[in-house]
Amino acid sequence: MASLANKRSIMTLYSGSDPYSQQVRLVLEEKKIVCEILDRQSSPRAHQELLECNPYHSVPTLVDRDLILYPSLNIMEYLDERFPHPPLMPVYPVARGRTRLMMYRVNKDWYEPMERILANGSPAIVEAARQELRDSLVSVTPVLSDMPYFLSEDFSLVDCCIAPLLWRLPKLGITLPPEAKPVIDYAERLFQRESFQASLTSAEKAMRS
């Protein structure tokens, strides 16, 4: 691992067209961080180097000189601390703790059902996961009625976690009902950000073409 990291004079992200990789690319774009992005599917070099630096061979994986980081939440928090402007985490410990808890809940309540849908198991399991995810998204409607971003006036790491999943709702076979209009409007605010558009791969753009 160390030999590969020591070869790197520039930060490198091994990435894919999955939502977790897009989470990290969104943070990179928000902070205007110079980083070499290698796609695992299209780059033989990326595939080989992942075998060397990550025992799970998973993306996203970040190499910053002698540091190798995965999975996405660890990378996102590291980037926010390493490049503090603009900040994507609150300053105060209590608020930071709440933000971390919310990111954990997004992963548990939204990304776990997403994974069950994408696993393409039995129709009953897939439909139950769709209903679970749809109901969970509708349940946060009150939270998004008063503030432009998730529990905040400012764009944060929580929004970076959520945006790639909302972009993939059509691919997941999920349409939100009219009563979830605040969620739909929130998604559009995220999608219109310059950083979000810049974070999309060609495959991700095609999801909504």
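Residues numbered from 1 in each chain as written. Predicted model: local features only at pLDDT ≥ 70, side-chain atom pairs only at ≥ 80, totals over all residues. Heavy atoms only, no water.

S.K.: Quick question: what am I supposed to make of the overall build of the protein here?
M.R.: The secondary structure content of the protein amounts to 11 helices and 4 strands. Relative to the compact-globule value of 17 Å for 209 residues, the protein shows a C-alpha radius of gyration of 17 Å, a close match. Based on the C-alpha atoms only, the size of the protein along its principal axes is roughly 55 × 45 × 30 Å. The buried share of the protein, reckoned over its 209 residues, is 48%. In the protein, once contacts between residues fewer than 6 apart in sequence are set aside, the share between residues at least 24 apart is 67%. For the protein, the exposed surface amounts to about 10,600 Å²; the carbon and sulfur share of it is 56%. Each charge sign in the protein was given a centre, from 24 positive and 27 negative side chains, and these centres are 2 Å apart. (Helix = DSSP H or I, 4+ residues; strand = E, 2+ residues; numbered from the N terminus. Rg over C-alpha atoms; globule rule 2.2 N^0.38 Å. Buried < 20%, exposed > 50% of the residue type's maximum accessible area, 1.4 Å probe, protein only. Contact = heavy atoms within 4.5 Å. Areas by Shrake-Rupley, 256 points an atom, 1.4 Å probe, with all protein chains shown as cover. Lys, Arg positive; Asp, Glu negative; His and termini not counted. Charge placed at Lys NZ, Arg CZ, Asp CG, Glu CD.)

S.K.: Could you clarify how one ought to interpret the packing of aromatic side chains in this entry?
M.R.: One pair of aromatic rings is described through two measures. These are the centre distance and the angle between the planes. Counting across every chain of the model gives 8 aromatic pairs. Among the aromatic side chains, those forming a connected cluster through ring pairs are Trp110, Phe150 and Tyr186. Directly above the ring of phenylalanine 155 sits arginine 193, whose terminal nitrogen or CZ lies 4.1 Å from the centroid. Over the ring of tryptophan 167 we find arginine 208, and its NZ or CZ is 5.0 Å from the ring centre. (Phe/Tyr/Trp six-rings, centres within 6.5 Å; stacked < 30°, edge-to-face > 60°. Lys NZ or Arg CZ within 6 Å of the ring centre and 35° of its normal.)

S.K.: Honestly, the pattern of salt bridges in this entry has me stumped. Any pointers?
M.R.: Proximity of charged atoms lets side chains of opposite charge pair with each other. Summed over all chains, the structure comprises 14 salt bridges. Arginine 45 is the salt-bridge partner of glutamate 36, the closest N and O atoms lying 3.2 Å from each other. The closest approach of N and O atoms between glutamate 204 and arginine 168, which form a salt bridge, is 2.6 Å. In this pair, glutamate 204 is assigned in helix α11 (residues 202-206) and arginine 168 in the loop between α7 (157-167) and α8 (169-172), connecting sequence segments 36 residues apart. (Salt bridge = Lys/Arg side-chain N within 4 Å of Asp/Glu carboxyl O.)

S.K.: Even after reading the chapter, I still don't get the sheet that holds strand β4 (residues 67-69), so can you show me in this structure?
M.R.: Two pairing modes exist for strands in a sheet, parallel and antiparallel, and in both the strands are linked by backbone hydrogen bonds. Taken in spatial order, the 4 strands of this open sheet run β2-β1-β3-β4, and their pairing is mixed. The open sheet has two free edges, formed respectively by β2 (36-39) and β4, since each of these has just one partner strand. Strand-to-strand, the axes of this sheet are offset by a mean angle of 15°, without reference to chain direction. With 4 bridges joining them, strand β1 (residues 12-15) and β2 adopt parallel strand pairing. Note on β2: the bridge partner recorded for serine 15 is aspartate 39. Where helix α2 (residues 19-31) meets the sheet, it contacts β1 and β2, and its direction lies at approximately 150° from that of β1. Relative to β2, helix α3 (residues 44-53) is tilted by about 100°, and along the sheet it contacts β1, β2, β3 (61-64) and β4. (Pairing = 2+ DSSP bridges. Axes fitted to C-alpha atoms, helices over the stretch in contact; angles between N-to-C directions.)

S.K.: Before we go on, may I ask you to explain the environment of aspartate 146 in this structure?
M.R.: Relative to the elements of secondary structure, aspartate 146 occurs in the loop between α6 (123-139) and α7. When the C-alpha atoms of aspartate 146 and serine 202 are compared, they prove to be 34 Å apart, with 56 residues separating the residues in sequence.

S.K.: Would you take a moment to explain the layout of surface pockets for this structure?
M.R.: In this structure, the largest pocket encloses a volume near 410 Å³. Lining of the largest pocket is provided by 19 residues; of these, Met89, Pro90, Ser152, Asp154 and Ser156 occupy positions nearest its centre. Broken down by element, the residue count for the lining of the largest pocket peaks at 4 residues, all from helix α5 (residues 93-118). Taken together, the residues that form the lining of the largest pocket break down as 12 nonpolar, 3 polar and 4 charged. One number sums up the size of the second largest pocket: a volume of about 160 Å³. As for the second largest pocket, its lining consists of Leu166, Leu169, Pro170, Ile174, Thr175, Leu176, Val183, Ile184, Ala187, Glu188, Phe191 and Arg208. Among the secondary structure elements, those contributing two or more residues to the lining of the second largest pocket are α8 and α9 (181-192). By residue number, the principal contributor to the lining of the second largest pocket is α9, which donates 5 residues. (1 Å grid on protein atoms, 1.4 Å probe; cavity = no way out; pocket = protein on both sides within 12 Å on 5 of 7 lines; lining within 4 Å. Points joined across faces, edges and corners; volume = space filled by probe spheres on them. Nonpolar A, V, L, I, M, F, W, Y, C, P; charged D, E, K, R; others polar.)

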